[in-house]
Amino acid sequence: MNTVTVKNVVIGAGIPKICIPIVATAKEDIIKEAKNLLMFPVDIVEWRVDWFEHVEDFEQVIDVLKELNRVLTSIPLLFTFRTIKEGGVKEFETKAYIDLLKSIINTQLIDFIDVEIFTGDNIVQEIINKAHENGVKVIASNHDFKKTPPKEEIVSRLLKMQEIGADIAKIAVMPNSKMDVLVLLEATLEMSEKHADRPIITMSMADLGVISRLSGQVFGSSVTFASAQKASAPGQIPAKQLEEVLHILNQGMKE
């Protein structure tokens, strides 16, 4: 598997990298959260812009991004607008979603951008091409907050993300049983060992799926999402506790 390196953070090798989302609504609180994150074990910061109260105003989004860059300096920044259908908090027309992503890519103020893979193949391909032209890495994503698809379907979706040219493929699913968690882990293992030529991110959400956020190094998921104050998805673990467990597992795998 090839790795992805941004600002000296190597994704796809060793201990899974910790990503912490910022989910505040006001600019002042967003910047305050960013400053607070400097005290946590964090490899990537995700700005969940769908939480931002002025997300419709491009200039205000840019203003926040400039401030985030000043605060985070060497920490990679992931820009994510999560749509309602995939667990977001803001209703947005597809065209507005596309225009926002393209406009933000053009600013080159971000390191990663999240693109929902089922937005439409041609649209996703266009966004990926634009991102790469501007030196921005793409995390193609899919989130199912209702169920866990069969293993074959999970692998198929990850392959689709890889084939369309995303730098990292990400899927998050909701377990309705312990067996669902095993399905996600088995799909992760199969993808990472048999198909993936780039990093993947997988997770089983909610309390049932917590083990999937801890065991990425074992099964092949390269990034895990943690919380600092407020979680952006069910099942996220506080970052400091997560770091401890990841290092314990890593040490155990070396022995």
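Residues numbered from 1 in each chain as written. Predicted model: local features only at pLDDT ≥ 70, side-chain atom pairs only at ≥ 80, totals over all residues. Heavy atoms only, no water.

As annotated in an unreviewed UniProt entry, the chain is 3-dehydroquinate dehydratase from Candidatus Galacturonatibacter soehngenii. Under the Function (unreviewed entry) heading, UniProt states for the chain: "Involved in the third step of the chorismate pathway, which leads to the biosynthesis of aromatic amino acids. Catalyzes the cis-dehydration of 3-dehydroquinate (DHQ) and introduces the first double bond of the aromatic ring to yield 3-dehydroshikimate." (UniProt positions renumbered as here; feature names shortened; annotations may be inferred.)

As for the pairing of strand S7 (residues 137–144)
Counting buried residues in S7 gives seven out of eight residues, a clear majority hidden from the surface. Note that strand S6 (residues 112–116) and S7 share five bridges and pair parallel. Residue pairing across strands places Asp114 opposite Ile139, the latter belonging to S7. Of the strand pairs in this sheet, S7 and strand S8 (residues 168–173) are connected by six bridges, and their pairing is parallel. Bridge pairing links Asn142 to Ile171 in S8. As a crossover connection, the stretch from S7 through helix H5 (residues 151–163) into S8 is right-handed. (Buried < 20%, exposed > 50% of the residue type's maximum accessible area, 1.4 Å probe, protein only. Helix = DSSP H or I, 4+ residues; strand = E, 2+ residues; numbered from the N terminus. Pairing = 2+ DSSP bridges. Right-handed = clockwise from strand over helix to strand, strands pointing away.)

Examining the nonpolar core
Formed by 68 residues in total, the largest nonpolar core has its most connected members in Ile30, Trp47, Val49, Leu65, Leu68, Phe79 and Ile113. Ranked by residues supplied to this core, first place goes to helix H2 (residues 58–72) with seven residues. Listed in part, the 18 residues of the second largest apolar core include Ile11, Ile139, Ala172 and Ile201. (Core = buried A, V, L, I, M, F, W, Y, C linked by side-chain atoms within 4.5 Å.)

Re helix H6 (residues 178–195)
Taking 1.5 Å of rise per residue, 18 residues should cover 26 Å, and H6 covers 25 Å from first to last C-alpha, within 8% of that figure. Listed in full, the buried residues belonging to H6 are Asp180, Val181, Val183, Leu184, Leu185, Ala187, Thr188, Met191 and Ser192. Along its buried surface, H6 packs onto H5, S8, strand S9 (200–204), helix H7 (210–214) and helix H8 (216–219). (Expected span 1.5 Å × (residues − 1). Contact = heavy atoms within 4.5 Å.)

Brief notes about the pairing of strand S3 (residues 17–22)
Along a regular strand, successive side chains alternate from one face of the sheet to the other. In terms of burial, S3 is largely enclosed, as six of its six residues are buried. The alternating pattern of S3 places Lys17, Cys19 and Pro21 and Ile18, Ile20 and Ile22 on opposite faces, both of which are buried. Two elements, S3 and strand S10 (residues 223–227), share three bridges in a ladder whose sense is parallel. Of the residues in S10, the one forming a bridge with Cys19 is Phe225. Where S3 lies against strand S4 (residues 44–48), four bridges are found, and the strand directions are parallel.

Things to note about the UniProt feature "binding site: 3-dehydroquinate" (unreviewed entry) in the chain
Residues annotated in UniProt with the feature "binding site: 3-dehydroquinate" (unreviewed entry) correspond here to Glu46, Trp47, Arg48, Arg82, Arg213, Ser232 and Gln236. Here Arg213 lies in helix H7. Structurally, Gln236 can be placed in the loop between S10 and strand S11 (237–238).

A few points about the packing of H2 against helix H3 (residues 94–107)
Running from N to C, H2 and H3 point in directions that differ by 40°, and their axes come no closer than 11 Å. Taken together, the axes of H2 and H3 are oblique relative to one another. Two packed elements cross with a definite hand, and for H2 against H3 that hand is right-handed. Note on element contacts: H3 touches H2 through Ser103, Ile104 and Thr107, opposite Phe58, Val61, Ile62 and Leu65. (Axes fitted to C-alpha atoms, helices over the stretch in contact; angles between N-to-C directions. Parallel < 35°, antiparallel > 145°, perpendicular 65-115°, else oblique. Left-handed = near helix turned anticlockwise from the far one by under 90°.)

Notes on the packing of aromatic side chains
Applying the stated rule across the entire model yields four aromatic pairs. Between Phe81 and Phe92, the ring centres sit 4.5 Å apart and the planes meet at 25°, which makes this aromatic pair stacked. Pair noted here: Phe81 is in the loop between strand S5 (77–80) and H3 and Phe92 is in the loop between S5 and H3, with a separation of 11 residues, a long-range link. Judged by relative accessible area, Phe81 falls into the buried class, the value being 0%. (Phe/Tyr/Trp six-rings, centres within 6.5 Å; stacked < 30°, edge-to-face > 60°.)

As for the UniProt feature "active site" (unreviewed entry) in the chain
Feature annotation in UniProt places "active site" (unreviewed entry) on His143 and Lys170, given in this structure's numbering. These residues run over 28 residues, yet every pair of their C-alpha atoms falls within 8.5 Å of each other. Tracing the chain through its elements places His143 in strand S7. Given the relative accessible area of 9%, His143 is considered buried. Excluding residues that lie within four positions of it along the chain, His143 makes contacts with Arg82, Glu86, Lys170 and Ala172. Within the structure, His143 has its side chain in polar contact with the side chain of Arg82 (distance 3.5 Å). With respect to the helices and strands, Lys170 occurs in strand S8. For Lys170, a relative accessible area of 5% corresponds to the buried category. The residues touching Lys170, leaving out its near neighbours within four places in the chain, are Arg82, Ile139, Ala140, Ser141, Asn142, His143, Leu158, Met161, Ile201, Met203 and Phe225. (Polar contact = N/O pair within 3.5 Å; in protein donor to acceptor, adjacent residues only side chain to side chain.)

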